[in-house]
Amino acid sequence: MPGPASPEISPAPSSKTTLRILSILVFNFANYLTIGLPLAILPGYVHDHLGYSAFWAGLVISLQYFATLLSRPHAGRYADKVGPKKVVMFGLSGCLLSGVFYLLALWFDASPAASLALLCVGRLLLGAGQSFAGTGSTLWGIGVVGSLHIGKVISWSGVVTYGAMAIGAPLGVWIFSLGGLTLLSVCIIAVALTALLAAWRKTPVAGKATSQIPFRQVLGKVLPYGLALGLASTGFGVIATFITLFYDAKGWSGAAFSLTFFSAAFVGMRLLFPNCINRFGGLRVSLLCFGVEIIGLILVFFAPTSAVAMGGAFLTGAGFSLVFPALGVVAVKKLPQENQGSALATYSAFLDLSLGVTGPLAGILMAQAGIDAIYLGSALLVFIAMALVLRLLLSQSPQKASACVKTD
């Protein structure tokens, strides 16, 4: 197995840098493919096949996100300590084991309680695998191309993540139609195993942390950026979770196209503007993104027709697309390079937390004020995020404000 590589800090052609990034982020693609494949299958399997209520069907899915949230800080700290390659392989092992437990659940389906328990274990393993493989691959990519390209690595990480999810869900339905949960589980195991073997052959970058910064200090450094990310993520949450119900309440068809428009805008922005964060600075880019996201959410709120709502979903996706990498670049650089894994993982946890609480809170608001209100409420939260980031930008000295165009 090759020895550790030193981080590349010298400039390289953009296309070569992108290929080097993607050669590592392919492991995150595999990670999220194992997440997307069973996503549309397991709720129906729990509800229709095992005979449990919709609550339990939803819980099986949600367990993954809670496991991700709880394990992210550990993923970052271990990546700093032992190197991101080992963390990626650990995460992919969790993805592989999730497929194994899906198979075990199928074999024990004569006992619904045992089958449900095994599915829950599989989802917990997948959630931990998601955080370790996702955090590790992003840090591995940064280690390969150098900290100059942090924004580009984080942007491409989002592209492969959402691309894998978009491909995985319909592909999983098709695989399930061919061979049921057995074939689906085998495919998940095969994807994770193939990625594991490929990762084992790749050149690692060494972990650098000689001392671990206490979590409270890491949290204190990234907190303002994490809060802004969490507030802005509500726009994604209310579109992804409630747009179908919104269309139903209006008597419109085509809700799926709104999700397609949202996803296309999200991925398209990251593909079209991969270098804008390095050019203009993370804080400035995020301010523009917040403005676009707010306009999109307000368009959905006031939408008189389904076409206007689709336009609002498109703008919301375009606005939210660069928020994570734009603020992430600034947050990660608040800590020394050897502790950037902890910074990235802690920052990412705000996204997990936001998506976890947006659904229930939006449901309460919807029950009290109608489904339209959740989009106006989300726009207000994004506006608060904008105000927070504007204050951060204005608090910088003129020299720092000028320098952040190139460095934040």
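Residues numbered from 1 in each chain as written. Predicted model: local features only at pLDDT ≥ 70, side-chain atom pairs only at ≥ 80, totals over all residues. Heavy atoms only, no water.

> Hey, could you go over helix α11 (residues 306-321) for me, with residue numbers and the actual values?
With 16 residues, α11 should reach 22 Å at 1.5 Å per residue; the first-to-last C-alpha distance of 22 Å fits that figure. Of all the residues in α11, the buried ones are Ala309, Met310, Gly312, Ala313, Thr316, Gly317, Ala318, Gly319, Phe320 and Ser321. (Helix = DSSP H or I, 4+ residues; strand = E, 2+ residues; numbered from the N terminus. Expected span 1.5 Å × (residues − 1). Buried < 20%, exposed > 50% of the residue type's maximum accessible area, 1.4 Å probe, protein only.)

> Pulling in residues and values, what's your account of the packing of aromatic side chains?
Two descriptors summarise a pair of aromatic rings, namely the distance from one centre to the other and the angle between the planes of the rings. The full count for this structure, using the stated rule, is twelve aromatic pairs. Plain terms: the ring middles of Phe27 and Trp140 are 5.6 Å apart, the flat faces sit at 15 degrees to each other, and that makes the pair stacked. In this pair, Phe27 is assigned in helix α1 (residues 14-36) and Trp140 in helix α5 (residues 112-145), connecting sequence segments 113 residues apart. One aromatic cluster is present, built from ring pairs that chain together Phe236, Phe262, Phe266 and Phe320. (Phe/Tyr/Trp six-rings, centres within 6.5 Å; stacked < 30°, edge-to-face > 60°.)

> Give a detailed account of the pattern of salt bridges, specifying residues and quantitative values.
What the rule picks out here adds up to one salt bridge. The closest approach of N and O atoms between Lys250 and Asp372, which form a salt bridge, is 2.8 Å. In this pair, Lys250 sits in helix α7 (residues 215-250) while Asp372 sits in the loop between α13 (340-369) and α14 (373-395), placing the two residues 122 residues apart along the sequence. (Salt bridge = Lys/Arg side-chain N within 4 Å of Asp/Glu carboxyl O.)

> Give me the nonpolar core: which residues, what numbers.
Within the largest apolar cluster, 118 residues are counted, with the highest numbers of intra-cluster contacts made by Phe246, Phe290, Leu327 and Tyr375. Considering each element in turn, this core owes the most residues, 16 residues, to helix α6 (residues 150-201). Those residues in contact with Tyr375 that lie beyond four places of it in its chain are Val238, Ile239, Phe242, Ile243, Phe246, Leu297, Val300 and Phe301. (Core = buried A, V, L, I, M, F, W, Y, C linked by side-chain atoms within 4.5 Å. Contact = heavy atoms within 4.5 Å.)

> Please set out the side chain of Ser131 residue by residue, giving values where relevant.
On the secondary structure map, Ser131 appears in helix α5. On the basis of relative accessibility, which here comes to 0%, the residue Ser131 falls in the buried class. When sequence neighbours within four positions are dropped, the list of residues in contact with Ser131 reads Thr68, Ser71, Arg72, Ala75 and Gly136.

> Account for the environment of Gly122, with residues named and values stated.
By the secondary structure assignment, Gly122 is in helix α5. Along the sequence, Gly122 and Leu63 sit 59 residues apart, while their C-alpha atoms lie 9.5 Å from each other. Those residues in contact with Gly122 that sit more than four places away from it in its chain are Ser98, Phe101 and Tyr102.

> Let's hear about the packing of α1 against α6: which residues, and what values?
Close contact between α1 and α6 brings their axes to 3 Å; oriented N to C, the two are set at 35 degrees. Here the hand of the crossing between α1 and α6 comes out right-handed. A class-by-class count of the residues in the contact of α1 with α6 yields 22 nonpolar, ten polar and one charged. (Axes fitted to C-alpha atoms, helices over the stretch in contact; angles between N-to-C directions. Left-handed = near helix turned anticlockwise from the far one by under 90°. Nonpolar A, V, L, I, M, F, W, Y, C, P; charged D, E, K, R; others polar.)

> Got a sec to walk through a nonpolar patch on the surface? Specific residues and values, please.
Taken together, the side chains of Ile167, Leu171, Trp174, Leu178 and Leu183 define a hydrophobic patch exposed on the protein surface, amounting to about 470 Å² of accessible area. For Leu171, the location among the structural elements is in helix α6. The exposure class assigned to Leu171 is partly exposed, which follows from its relative accessible area of 30%. (Patch = residues over 30% accessible without salt bridge, like charges linked within 9 Å, V, L, I, M, F, W, Y side chains within 5 Å. Areas by Shrake-Rupley, 256 points an atom, 1.4 Å probe, with all protein chains shown as cover.)

> Which residues make up the state of the cysteines, and what values do they have?
This model, assessed by the stated rule, comprises zero disulfides. In this structure Cys95 is not part of a disulfide, and its nearest cysteine sulfur, from Cys187, lies 15 Å away. (Disulfide = S-S within 2.5 Å.)

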